[in-house]
Amino acid sequence: MAGRRAVGASLAAAVIFSSVLISNFILVSAERQKFEFTSIAAEERGLYDQAVVVKAAAITDLLDKMQDSLSSRTFQCSDATTAITLLASTEKVDVGWEGVFSSGKLSAAPQQTIQDDVLALAPFNGTAAGLADFEVRLSVDGKAPDSSVALGVNETHLVNLPIRLPALVSTCLQSVDVVLSGLEGIGGQLCNATIVESTITSIGSSLRSAAASSGFSLSISYSTVPGTACAASFTVLVSQYSIDGPEGPFTFSASESAEVQWYSA
Amino acid sequence: MRFVDVSVAAIIGMTALASLVAWNPYSFEEGSRLYLREASLQDYMTTIVAAEGVPWFQHASFSSICNRLSQYSNSTVEVSAVVDGLACSTPPPRGAPSANLTIDVGSARVLLQAWQVAGP
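Residues numbered from 1 in each chain as written. Chains lettered and ligands numbered in written order. Predicted model: local features only at pLDDT ≥ 70, side-chain atom pairs only at ≥ 80, totals over all residues. Heavy atoms only, no water.

### Considerations on the overall build of chain B
This is how the line gets drawn: Here a strand is any run of E in DSSP of at least two residues, a helix any run of H or I of at least four, and the numbering for each starts at the N terminus. C-alpha atoms define the radius of gyration in this analysis, and the globule rule sets the expected value at 2.2 Å times the number of residues to the power 0.38. Residue burial is assigned from relative accessible area. The probe radius is 1.4 Å, only protein chains are included, and a residue is buried under 20% of its type maximum, exposed over 50%, and partly exposed in between.
Within chain B, the secondary structure is distributed over four helices and four strands. The N-to-C order of helical and strand elements in chain B reads α-α-α-α-β-β-β-β. Taken against the 2.2 N^0.38 rule, which gives 14 Å for 120 residues, the C-alpha radius of gyration of chain B at 24 Å runs more than 25% over that of a compact globule. Seen through its C-alpha atoms, chain B measures out along the principal axes to roughly 85 × 25 × 20 Å. For chain B, with 120 residues in total, the buried portion stands at 38%.

### A word on a nonpolar patch on the surface
This is how the line gets drawn: Patch membership requires more than 30% relative accessible area and the absence of a salt bridge. Residues of like charge join within 9 Å; the nonpolar side chains Val, Leu, Ile, Met, Phe, Trp and Tyr join within 5 Å. Accessible areas in this description were obtained via Shrake-Rupley with a 1.4 Å probe; residue shielding takes into account the shown protein chains only. The salt bridge definition used is simple: a Lys or Arg side-chain nitrogen within 4 Å of an Asp or Glu carboxyl oxygen.
Among the surface-exposed residues, Ile-22, Phe-25 and Ile-26 of chain A together with Trp-23 of chain B lie close enough to one another that they form a single nonpolar patch of about 420 Å² accessible area. Tracing the chain through its elements places Trp-23 of chain B in the loop between helix H1 (2–22) and helix H2 (25–52).

### Re the interface of chain B and chain A
A common way to express how large an interface is: the accessible area buried when the components associate. As a reminder of what qualifies: Contacts are assigned to residue pairs that have any heavy atoms within 4.5 Å of one another. Buried area is understood as the total, over both parts, of accessible area removed when two parts are fitted together, assessed with a 1.4 Å probe. We call two N or O atoms a polar contact when they sit within 3.5 Å, provided that within protein one can donate a hydrogen and the other can accept it, with sequence-adjacent residues counted only if both atoms are side-chain atoms. Classification used: nonpolar for Ala, Val, Leu, Ile, Met, Phe, Trp, Tyr, Cys and Pro, charged for Asp, Glu, Lys and Arg, polar for all others including Gly.
The partner chain A presents 43 residues to the 36 residues of chain B that form the contact. At the boundary of chain B with chain A, total buried surface from both sides reaches about 3,300 Å², with 70% on carbon and sulfur atoms. The largest share of the area that chain B buries against chain A comes from Trp-23, Phe-28 and Tyr-35 of chain B, three residues that together contribute 19% of it. Linking chain B with chain A are one salt bridge, by the criterion used here. Note that Arg-45 of chain A is salt-bridged to Asp-43 of chain B, the shortest N-O span being 2.7 Å. Summed over the shared surface of chain B and chain A, the result is nine residue pairs in polar contact (both at pLDDT 80 or more). Looking at the side of chain B that touches chain A, the elements that each hand over two or more residues are H1, H2, helix H3 (54–59) and strand E3 (98–105) of chain B. At 14 residues, the largest contribution of residues to the side of chain B that touches chain A is made by H2 of chain B. For the side of chain B that touches chain A, the per-class residue count stands at 17 nonpolar, 12 polar and seven charged.

### Focus on the confidence of the model for chain B
Residue and element names in this part refer to chain B. For clarity, the threshold we go by: Scored between 0 and 100, pLDDT is the confidence that the predictor attaches to each residue.
Averaged over all residues, the pLDDT of chain B is 87; the fraction at 70 or higher stands at 96%. Taking the mean pLDDT of every element in chain B, the minimum, 79, falls on H1 and the maximum, 94, on helix H4 (residues 62–70). Across the predicted assembly, pTM comes out at 0.83 and ipTM at 0.81.

Put into structure tokens, the structure is as follows:
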């Protein structure tokens with residue numbers, strides 16, 4: 001009888017402990033699965049976050065290059081927009097670290113105000129009518145270390161450099177027209193350098209004030225060529241100073257030249 | 001006979017207890033919590049980078065980066081950085097949930113670090 005009880009107790013213990021073990025196994029399996037899902041989700045999130053920064057860095061590099069190109073020369077007012085469009089189309093970049101790599105290509109974007117979700121690019125994200133706007137085509141590839149989590153996307157983003165390009169070009173070309181009509185108004189006295197100088201000084205003063213009120217700096221240089229055909233040539237230079245670029249403050253300048261001739265009788 | 005029964009029952013019990021210790025769901029649960037905390041720290045750093053903008057990190061000085069990041073530290077999260085090898089503060093304590101985010105732009109290399117200083 002005692003032997004049977006002992007066997008029964010052993011069997012009962014086996015059943016109880018087996019139930020506990022099975023329950024524990026189910027719980028452990030569920031927790032392990034949750035752990036695996038969480039680890040994959042965390043790796044995906046980490047890769048995504050790093051990709052956001054790499055994308056922003058790639059675009060920043062492109063804007064740095066564009067800033068260098070725009071600040072190192074003086075553009076022609078009548079051709080500035082086309083020149084910048086051509087210049088932008090030559091800019092490319094490749095960056096990458098921490099397993100994420102990005103290639104980008106720049107081009108000019110239409111003048112319109114559009115928000116962009118590359119938030120890590122503040123304040124250059126999105127385009128705005130009246131600024132120098134660009135489009136960036138990016139390809140991004142990445143892989144989390146020791147994991148099967150990978151990322152591969154092609155994206156297009158809109159960015160800007162705060163050069164007030166249309167306003168600057170317009171100020172420049174309108175100023176050239178004003179100087180031209182002023183010089184044409186003095187007619188045959190074009191051969192008189194003093195009169196030319198006083199005319200340009202007078203016009204230049206009001207043009208400089210108008211440009212300054214728009215946030216630009218304007219200067220006019222000129223020369224006269226006396227002779228049978230008296231001529232005066234001049235150049236209007238308009239600059240926007242202290243533009244907050246990704247590399248720090250810079251200056252953008254554009255100029256336009258013209259000439260007036262007077263054939264004496 | 002009784003000795004055998006007691007031995008068998010003891011072996012079953014000990015095996016079961018050993019299995020419970022070895023197959024402890026707590027270690028996986030704790031691992032999941034750690035991943036979630038680290039992902040949350042990673043998101044917090046991305047929010048900081050989005051607010052300041054990657055271009056700012058490119059030309060900001062070491063001291064201005066450190067000062068700005070210290071404003072993002074609070075009672076539960078500490079945010080710091082290593083800028084071109086120079087650390088703003090002491091590194092995260094060993095074992096604390098932490099996350100890193102690297103910004104490599106222009107000539108600047110900034111390693112952002114965030115770690116938890118107290119439990120939620």
